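Residue-level listing of the chains:
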Amino acid sequence: MKKSIHTRAIAITLAVAVSTMGLAACDSLTKTQKGVGIGAAAGGALGALIGKKAGNTAAGAIIGAAVGGTAGGFIGKYMERQAEEIEREVPGAKVEQYGEGLVVQFDSKVLFDFDSYALREESKDAIAQLVEVLNKYDSTEVVIEGHTDNVGSDAYNEKLSRQRAKAVEDYAISLGVDRRRLSSKGLGESQPIASNETEAGRQENRRVQFVIVANEALKKEAEEQASL
């Protein structure tokens, strides 16, 4: 497993541990109340971490879907297994785990030719392998985001990023992913993860990423496990 997943898992565990110490003296709190407290305490640090590395919408999706507490730990383990499999099976994918969610990122040049939203033939193999893992871990919802650098007009970049995200979504559906699990959006140049002042930074910003969170069925299963 790559170091990045371990690093983020440690950061999130520390945030949860700090909040848990604050709640430990409150024996009268229910498990649900403690879970809410943990989620709230960790949310700010987690949001800053994800936002810096993956963009604010990814942070919002992961935090918004989080349940926290023991149930959140169950979901985190499910996501960890999925992350390990993606790293092992999908070429060109960069995987980051943030507690109860994953961000799977592809450099745009891996998927598309310059100024194009047609998937390259070689990139279809990577998407197909990712689809195999998504279908195996089917208790999730997935948002596909397209991002660009700041070269060109805002309107053009937003359109290209939207077309690229939709092209990936349509191809994933054609390979058997339930369309009800997927959505796509183009965010243009609005959420850079690196400086647009250098070519290396602009390359990082040209990306397509999958934001993976638990669906309602997985949340219910996690809460049932937590109550045992």
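Worth saying up front: this structure is predicted, and the values here are computed from it rather than measured. (Residues numbered from 1 in each chain as written. Predicted model: local features only at pLDDT ≥ 70, side-chain atom pairs only at ≥ 80, totals over all residues. Heavy atoms only, no water.)

Description of the overall build of the chain
Inference 1: Across its full length, the chain holds nine helices and five strands.
Inference 2: Each helix and strand of the chain, ordered N terminal to C terminal, gives the series α-α-α-α-β-β-α-α-β-α-β-α-β-α.
Inference 3: Counting across all 228 residues of the chain, residues that qualify as buried make up 46%.
Inference 4: Here the analysis covers contacts within the chain between residues at least 6 apart in sequence; of these, 73% occur between residues at least 24 apart. (Helix = DSSP H or I, 4+ residues; strand = E, 2+ residues; numbered from the N terminus. Buried < 20%, exposed > 50% of the residue type's maximum accessible area, 1.4 Å probe, protein only. Contact = heavy atoms within 4.5 Å.)

Here we look at the pairing of strand 5 (residues 207-214)
Both faces of the sheet carry side chains from a regular strand, because those side chains alternate between them.
Inference 1: Taking burial as the measure, the eight residues of strand 5 include eight buried ones, the bulk of the element.
Inference 2: The pairing of strand 2 (residues 101-107) with strand 5 spans six bridges and is classified as antiparallel. Looking at the pairing, Val-104 lines up with Phe-210 of strand 5.
Inference 3: For strand 3 (residues 140-147) and strand 5, the ladder comprises eight bridges, and the chain directions are antiparallel. In the sheet register, Gly-146 faces strand 5, and the bridge partner there is Val-208. (Pairing = 2+ DSSP bridges.)

Remarks on the sheet that holds strand 2
Inference 1: With respect to topology, five strands assemble into an open sheet ordered 1-2-5-3-4, the strand pairing being mixed. Where the open sheet ends on each side, the last strands, each with one partner, are strand 1 (94-98) and strand 4 (182-186). The average undirected angle you get between the axes of adjacent strands in this sheet is 20°. (Axes fitted to C-alpha atoms, helices over the stretch in contact; angles between N-to-C directions.)

Focus: the pairing of strand 2
Inference 1: Counting buried residues along strand 2, six of its seven residues qualify, which places the element largely inside the surrounding structure.
Inference 2: Relative to strand 2, strand 1 is paired through five bridges, and the arrangement is antiparallel. Bridging across to strand 2, Val-95 finds its partner in Val-104.
Inference 3: Count of turn residues in the strand 1/strand 2 antiparallel hairpin: two residues, of which Gly-99 carries a positive phi of about 65°.

Topic: the pattern of salt bridges
Pairs can form between side chains of opposite charge once their charged atoms are near each other.
Inference 1: Applying the stated criterion across every chain yields a total of 14 salt bridges.
Inference 2: Close ionic contact of Arg-120 with Asp-113 constitutes a salt bridge, the shortest N to O distance being 3.5 Å.
Inference 3: Judged by its relative accessible area of 25%, Arg-120 falls in the partly exposed class.
Inference 4: A salt bridge links Glu-199 to Arg-202, with the nearest nitrogen and oxygen atoms 3.4 Å apart. (Salt bridge = Lys/Arg side-chain N within 4 Å of Asp/Glu carboxyl O.)

Observations regarding helix 4 (residues 69-89)
Inference 1: In this model helix 4 runs 30 Å from its N-terminal to its C-terminal C-alpha over 21 residues, within 8% of the 30 Å that 1.5 Å per residue would give.
Inference 2: Buried residues of helix 4: Ala-71, Gly-72, Ile-75, Gly-76, Tyr-78, Met-79, Gln-82, Ala-83, Glu-85, Ile-86 and Glu-87, and no others. (Expected span 1.5 Å × (residues − 1).)

Some words on the packing of helix 4 against helix 6 (residues 121-136)
Helix-helix packing is described using two parameters, namely the angle between the two axes and the distance between the axes.
Inference 1: It is the contact of helix 4 with helix 6, at a shortest axis distance of 10 Å, that shows an interaxial angle of 160°. Taken together, the axes of helix 4 and helix 6 are roughly antiparallel relative to one another. The handedness of the crossing between helix 4 and helix 6 comes out as right-handed. For the pair helix 4 and helix 6, contact is made by Gln-82, Glu-85, Ile-86 and Glu-89 and by Gln-129, Leu-130, Val-133, Leu-134 and Lys-136, respectively. (Parallel < 35°, antiparallel > 145°, perpendicular 65-115°, else oblique. Left-handed = near helix turned anticlockwise from the far one by under 90°.)

Some remarks on empty space enclosed by the protein
Inference 1: Taken as a whole and assessed by the stated rule, the structure comprises one cavity of 30 Å³ or more.
Inference 2: The computed volume of the largest cavity comes to approximately 30 Å³.
Inference 3: At the level of elements, helix 2 (31-54), strand 1 and strand 2 are the ones that each hand at least two residues to the lining of the largest cavity.
Inference 4: It is strand 1 that provides the largest number of residues to the lining of the largest cavity, a total of three residues.
Inference 5: Class assignment of the residues belonging to the lining of the largest cavity gives a composition of three nonpolar, one polar and three charged. (1 Å grid on protein atoms, 1.4 Å probe; cavity = no way out; pocket = protein on both sides within 12 Å on 5 of 7 lines; lining within 4 Å. Points joined across faces, edges and corners; volume = space filled by probe spheres on them. Nonpolar A, V, L, I, M, F, W, Y, C, P; charged D, E, K, R; others polar.)

Thoughts on the packing of aromatic side chains
Inference 1: Applying the stated criterion to the full structure yields two aromatic pairs.
Inference 2: Consider the rings of Tyr-78 and Tyr-137, whose centres lie 5.4 Å apart with planes at 85°: the pair is edge-to-face. Of this pair, Tyr-78 sits in helix 4 while Tyr-137 sits in the loop between helix 6 and strand 3, placing them 59 residues apart in sequence.
Inference 3: Residue class for Tyr-78 comes out buried when judged on its relative accessible area of 11%.
Inference 4: Taking the relative accessible area as the measure of exposure, Tyr-137 reaches 10% and is therefore buried. (Phe/Tyr/Trp six-rings, centres within 6.5 Å; stacked < 30°, edge-to-face > 60°.)

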